[in-house]
Every structure is written in structure tokens, then in C-alpha cells.
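# Observations on the three-dimensional arrangement
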Amino acid sequence: MVNASARALMLDRWIDESAEEHADDATWVLTSAFIILTMQSGFGLLEMGSSSRGFEVNIMTKNAMDVVFGALTYWFVGYGLSYGEPSNPFMGMGNFMPDESHSHEESGLLYSQYIFQLSFACTATTIVSGAVAMRMRFFIYCAYSAYAVVIYSFV
């Protein structure tokens, strides 16, 4: 009987340590995602410095919409194409719209990885924003932003 209670105690400790490791991993990944997302504002400031006066609001609105449309598109389609299961060598075919169907320990790491990959997808679309500054209508750029995130999902 002592062995069974000792094993149960060891199992509880192992589960607690595993949850702590996932929490540390998720914190590190979210910190990295925040650093990557701050590049959005840097690209916006660089773009404003390279453009004519009067386009500041348009430029910063485009950079904000990159994150909005990027987040929605990556949640609906992108994460499933990148990491969905089942998958083939080209793309994933499941796990679209990540939700709370995972365990508590797994969901924290899942969402932190989602936000991390989202930050790269949004930052990649913002780089193009500087190239098309003052040359593209706002709504067309928003459509491009959503399309670029889908393409990024295959990378």
C-alpha cells in the first residue's frame, strides 16, 4: 500500500512539474511574439518617414489592419493549414479555428504558439505595406493582407 501512495505522490509531482514547464515555455514564446509584434510599429514609422506628408493616418491604419485581418485569417484558415492534423507533406487539413478542446496544459502552449506564428504572419504582410505606400487603396490592401496570411501559412 505504501508503494501505491508513493507512486501517486510521484505522479502528482511529475504532473505539477510538467505544467510548470509548459507555463515557462508559453511565457517565453509569448514574450518573443510581443517583440516580433512591436516590429509592426517600427515598420509603420519607417514607412511614414519614406512617404509624403498627409499619409500618416492611412499608413498606421494599414499596419493596424494587418494585425486585425491577419489574426482573423490565421485563426480561420492559417493555423489549420500550417499545423493541422491530419496532414500531408504539403499542408495540414484539420485543426482550423483553434478552440478549447485541448487539455488545460496543452491549450496554453497551443495558444502561445498560435500567437507566435501569427506575429510572424502579420509582420511579413507589413513589410509589403512600405512598398505599396501611397500606391494602393485601403480596402484592396486589407484584402491583400488576408490573402498574404493564407499564403504565409504554406511557408
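## Some details on helix α2 (residues 56-83)
The largest bend in α2 is about 60 degrees, located at tyrosine 74. Every buried residue of α2 is listed here: Ile59, Lys62, Asn63, Asp66, Gly70, Thr73, Tyr74, Gly78, Tyr79, Gly80 and Leu81.

## Observations regarding helix α4 (residues 138-153)
An ideal rise of 1.5 Å per residue puts 22 Å on 16 residues; α4 measures up with 23 Å between its terminal C-alpha atoms. Those residues of α4 that fall on the buried side of the exposure criterion are Tyr141, Cys142, Ser145, Ala148, Val149 and Ser153. Axial view of α4: buried residues confined to an arc of 140 degrees, hence all on one face. Along α4, the residues that are exposed and aim more than 90 degrees away from the buried face are Phe139, Ile140 and Tyr147.

## Focus on the nonpolar core
Core analysis: the biggest nonpolar cluster contains 8 residues, these being Tyr74, Tyr79, Leu110, Tyr114, Leu118, Ala121, Cys122 and Val149. For this core, the elements supplying multiple residues, two or more each, are α2 and α3 (104-131). Per element, the largest residue contribution to this core is 5 residues, and it comes from α3. Beyond its immediate stretch of four places on either side in the chain, tyrosine 114 contacts Ala71, Tyr74, Trp75 and Tyr79.

## With respect to unusual backbone geometry
With an omega dihedral of 5 degrees, the bond running from glutamate 85 to proline 86 counts as a cis peptide bond. With respect to the helices and strands, the residue proline 86 is situated in the loop between α2 and α3. Located in the positive-phi region is methionine 134, a residue other than glycine, with phi close to 65 degrees. Structurally, methionine 134 is set in the loop between α3 and α4. Judged by relative accessible area, methionine 134 falls into the partly exposed class, the value being 37%.

## As for the packing of α2 against α4
Packed helix pairs are characterised by how far apart their axes lie and by the angle those axes make with each other. Across the interface, α2 lies against α4 with an axial gap of 8 Å and an inter-helix angle of 35 degrees. For α2 against α4, the interelement crossing comes out right-handed. Grouping the amino acids of the contact of α2 with α4 by side-chain chemistry returns 11 nonpolar, 8 polar and 2 charged.

What counts and how
- Residues numbered from 1 in each chain as written.
- Predicted model: local features only at pLDDT ≥ 70, side-chain atom pairs only at ≥ 80, totals over all residues.
- Heavy atoms only, no water.
- Bend = angle between axes of the 7 residues up to and from the residue.
- Helix = DSSP H or I, 4+ residues; strand = E, 2+ residues; numbered from the N terminus.
- Buried < 20%, exposed > 50% of the residue type's maximum accessible area, 1.4 Å probe, protein only.
- Expected span 1.5 Å × (residues − 1).
- Arc of directions from axis to C-beta.
- Core = buried A, V, L, I, M, F, W, Y, C linked by side-chain atoms within 4.5 Å.
- Contact = heavy atoms within 4.5 Å.
- Axes fitted to C-alpha atoms, helices over the stretch in contact; angles between N-to-C directions.
- Left-handed = near helix turned anticlockwise from the far one by under 90°.
- Nonpolar A, V, L, I, M, F, W, Y, C, P; charged D, E, K, R; others polar.

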